[in-house]
Amino acid sequence: MLDQERLHLRAAFFQTVRLFFQEQGFLEVDTPIRQPLLIPEQNITPVPSVDHFLQSSPELYMKRLLAGGSDKIFQLCHCFRYGERGRLHLEEFVMLEWYRQDCDYSHLMRDCKELICFLESRLSPWHFPVSLRGPWQKMTVHEAFLKYCSMTPEQALEQDRFDLLLVEKVEPELGVDIPAFLCDYPLELASLARPKPEDPDVAERFELYVAGVELANGFSELTDPLVQRSRFEEEYAQMDTEPERGKKMPELFLKDLEKIESAAGIAMGLDRLFMLICGGNSLSEVVTFSPDDLDM
Amino acid sequence: MFSASDLRKGLKIQIDGQPYIITHFEFSKPGKGQSLYRCKMRNMITGNQFSQTYRSNEKFEKPALEERKMQYLYNQGDEYHFMDTENYEQTFITKEQLGDNVYFLQDNMELDVLFFDEKPIDVTLPIFVNLVVTVAEPWAKGDTSGNDTKPVTVETGYVLQVPPFVVEGDKIQIDTRTGDYVTRVKE
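What comes next is a walk through the structure. (Residues numbered from 1 in each chain as written. Chains lettered and ligands numbered in written order. Predicted model: local features only at pLDDT ≥ 70, side-chain atom pairs only at ≥ 80, totals over all residues. Heavy atoms only, no water.)

### Details of the interface of chain B and chain A
Contacts between chain B and chain A engage 13 residues on the former and 24 residues on the latter. Between chain B and chain A the total buried area reaches about 1,600 Å² when both faces are included, carbon and sulfur atoms providing 47% of it. Area buried by chain B at its contact with chain A is led by F27, K29 and K32 of chain B, which between them contribute 42% of it. In this structure, the connection of chain B to chain A is made through four salt bridges. E26 of chain B is the partner of R87 of chain A in a salt bridge, and the nearest nitrogen-oxygen pair spans 3.2 Å. Inspection of the chain B/chain A interface yields 12 residue pairs in polar contact (both at pLDDT 80 or more). Looking at the side of chain B that touches chain A, the elements with two or more residues in it are β3 (18–28), β4 (36–43) and β5 (49–55) of chain B. Ranked by the residues each element gives to the side of chain B that touches chain A, the list is headed by β3 of chain B, at three residues. (Contact = heavy atoms within 4.5 Å. Buried area = accessible area lost by both parts, 1.4 Å probe. Salt bridge = Lys/Arg side-chain N within 4 Å of Asp/Glu carboxyl O. Polar contact = N/O pair within 3.5 Å; in protein donor to acceptor, adjacent residues only side chain to side chain. Helix = DSSP H or I, 4+ residues; strand = E, 2+ residues; numbered from the N terminus.)

### Some points on the environment of V167 of chain B
All names here are of chain B. Looking at where V167 falls in the secondary structure, it is placed in the loop between β14 (159–162) and β15 (171–175). Judged by its relative accessible area of 43%, V167 is partly exposed. A C-alpha to C-alpha distance of 27 Å links V167 and G99, two positions 68 residues apart in sequence. When neighbours within four sequence positions are excluded, V167 is seen to be in contact with V133 and A136. (Buried < 20%, exposed > 50% of the residue type's maximum accessible area, 1.4 Å probe, protein only.)

### A word on the sheet that holds strand β4 (residues 52–54) of chain A
Residues and elements named next belong to chain A. Strand order across the open sheet formed by three strands is β2-β4-β3, with antiparallel pairing between neighbours. Strands at the two margins of the open sheet, each flanked by one partner only, are β2 (34–35) and β3 (47–49). Bridging between β2 and β4 involves two bridges; their strand directions are antiparallel. The residue bridging Q35 from the neighbouring strand is F53, located in β4. (Pairing = 2+ DSSP bridges.)

### Considering the packing of helix α4 (residues 141–149) of chain A against helix α6 (residues 162–170) of chain A
Two packed helices can be described by the angle between their axes and the distance between those axes. Residues and elements named next belong to chain A. In contact at an axis separation of 10 Å, α4 and α6 are set at 65° when each is read in the N-to-C sense. Between α4 and α6, the angle is such that the two are roughly perpendicular. Handedness of the α4/α6 crossing: left-handed. Counted together, V141, A144, F145, Y148 and C149 of α4 and F162, L165, L166, K169 and V170 of α6 form the full contact between these two elements. (Axes fitted to C-alpha atoms, helices over the stretch in contact; angles between N-to-C directions. Parallel < 35°, antiparallel > 145°, perpendicular 65-115°, else oblique. Left-handed = near helix turned anticlockwise from the far one by under 90°.)

### Details of the layout of surface pockets
Of the voids in this model, the largest pocket is the one considered here, and its volume is about 1,300 Å³. Along its surface, the largest pocket is lined by 46 residues, and T45, Y82, G83 and E84 of chain A together with S35 of chain B are the ones closest to its centre. Within the residue set of the lining of the largest pocket, elements represented by two or more residues are β5 (72–80) and β6 (92–101) of chain A together with β3 of chain B. The element best represented in the lining of the largest pocket is β6 of chain A, accounting for three residues. Of the voids in this model, the second largest pocket is the one considered here, and its volume is about 540 Å³. In this structure, the second largest pocket is lined by 24 residues; those nearest its centre are Q42, L157, E188, L189 and E235 of chain A. Residue assignment for the lining of the second largest pocket shows that the elements contributing at least two residues are α6 and α7 (225–238) of chain A. Among the elements that make up the lining of the second largest pocket, the one with the highest residue count is α7 of chain A (six residues). Partitioning the lining of the second largest pocket into residue classes produces seven nonpolar, seven polar and 10 charged. (1 Å grid on protein atoms, 1.4 Å probe; cavity = no way out; pocket = protein on both sides within 12 Å on 5 of 7 lines; lining within 4 Å. Points joined across faces, edges and corners; volume = space filled by probe spheres on them. Nonpolar A, V, L, I, M, F, W, Y, C, P; charged D, E, K, R; others polar.)

### Digging into helix α9 (residues 270–278) of chain A
In an α-helix, one full turn covers 3.6 residues, which means residues spaced three or four apart are oriented alike. Taken across its nine residues, α9 of chain A has nine buried, putting it largely inside the fold. After α9 of chain A finishes, the residue G279 of chain A shows a positive phi value of roughly 75°.

### Topic: the nonpolar core
Of all hydrophobic cores here, the largest spans 50 residues; its most connected members are F13, L96, W98, M268 and L273 of chain A. At eight residues, helix α3 (residues 105–122) of chain A tops the list of elements feeding residues into this core. When near neighbours in sequence (up to four residues on either side) are disregarded, M268 of chain A contacts V94, M95, L96, W98, C112, L115, L208, L215, A216 and L273 of chain A. Residues F82, M109, V152 and Y181 of chain B belong to the second largest nonpolar core, which totals 28 residues. (Core = buried A, V, L, I, M, F, W, Y, C linked by side-chain atoms within 4.5 Å.)

### Observations regarding a nonpolar patch on the surface
Residue and element names in this part refer to chain A. A contiguous nonpolar surface patch, about 560 Å² in accessible area, is contributed by M1, F289, L294 and M296. Residue position: L294 is located in the segment after α9. L294 gets classed as partly exposed once you look at its relative accessible area, which sits at 46%. (Patch = residues over 30% accessible without salt bridge, like charges linked within 9 Å, V, L, I, M, F, W, Y side chains within 5 Å. Areas by Shrake-Rupley, 256 points an atom, 1.4 Å probe, with all protein chains shown as cover.)

### Quick word on the pairing of strand β7 (residues 65–76) of chain B
All names here are of chain B. Sheet analysis places β7 next to strand β10 (residues 110–116), joined by seven bridges and oriented antiparallel. Bridge pairing in β10 links K69 to D112. Inspection of the sheet shows β7 paired to strand β8 (residues 79–84) by six bridges, in the antiparallel sense. Within the sheet, the bridge partner assigned to M70 lies in β8 and is D84. Counted along the chain from β7 to the antiparallel partner β8, the turn is two residues long, and its residue G77 has a positive phi close to 60°.

Quick look at the structure:
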């Protein structure tokens, strides 16, 4: 359980995040935490809630709000992913998501920098492990794999070693002195992202890293409902261990997708960001109650 | 059987017929990626260390480990003989397997012996043992080296640093986890 000092800092942290988005003209929204269908995404094990599932992310509903006419929206919410437990993972965690209409992922990278600099100017104590001054590092997945693994991401995928190499060789090198954006992922690793117009083999997806810690995942949204449907079918096919009942095509979402011209959206792990601000080493140290604090 | 999601620090698993204990563990999962279970392990027989990263679908056998209460009897060359205090069965462990533990064994000492596949592989000693000092140089007055300890040898042949007041024939307490001097024991 957090001590009083950290509990107050955590409250100030959430308030400052909200203040930043309000000042930028974003609307704070809330969407259903219990969802009847799964987000078609392999590698996420859902937490069932009777005949629904607890959200692994609010993204489908946030995008439907864009289709409904929202321009800039954000949300702070708890998300749930079964079996994820470690220094940087909790089964229940706080996510920040924000979405912009008529924008692409480069706007989101700018938002990330402005948000974290805003937090630095408002929060004290501030133990962030890297400097925020100067241009933040930007590296494509292709460049990073060549540099740290001496192979292309495509070769790593072929050998089924992409995730392994990313975790063991690439991530520890990212954001060591200054925050870093790893961007332009192979298309198959970005099921809801738009292909890059000048290089359609990669998707306009990026991750923000600070001191080797992955903080956020953002992309230019895929807005073609037909392509999205086939991507979802591929993802569902990979989700072999999941309960079948949640694996229905989200038709209302796909229908709404037609109404979005272009948009960009991002999810940021707020517990991780707060951990870095506190100078902490694991999420358990910075959440109000860690799993070990709960009566079992 | 264990699955990858059971892996954690301190868990004992069997790989290629050998028992391993996990000494470091970290769960990783890159954004949109697979769960990865990163382990550092020590072979419980050879002491060799190695690192390995596993994925969700891996399975591990549980090693057949058993701890038994035993009494140390005697040594014959490099063979150290122990007796099970419940069924009086005797077994021996080699000097090599015991490592530095041989220095702290005393006749009739009770301790825990770890068995793998019915073969003894390790012993857990009492935390403190009392041993008699057999060789101690007198404290050289005017020693300018600045050291406030001196080396002595105890009955088992073990050499350690002790305070200058310890003399030959004293009984001293030693912490078996570190091998360090704790105190002089009055009889």
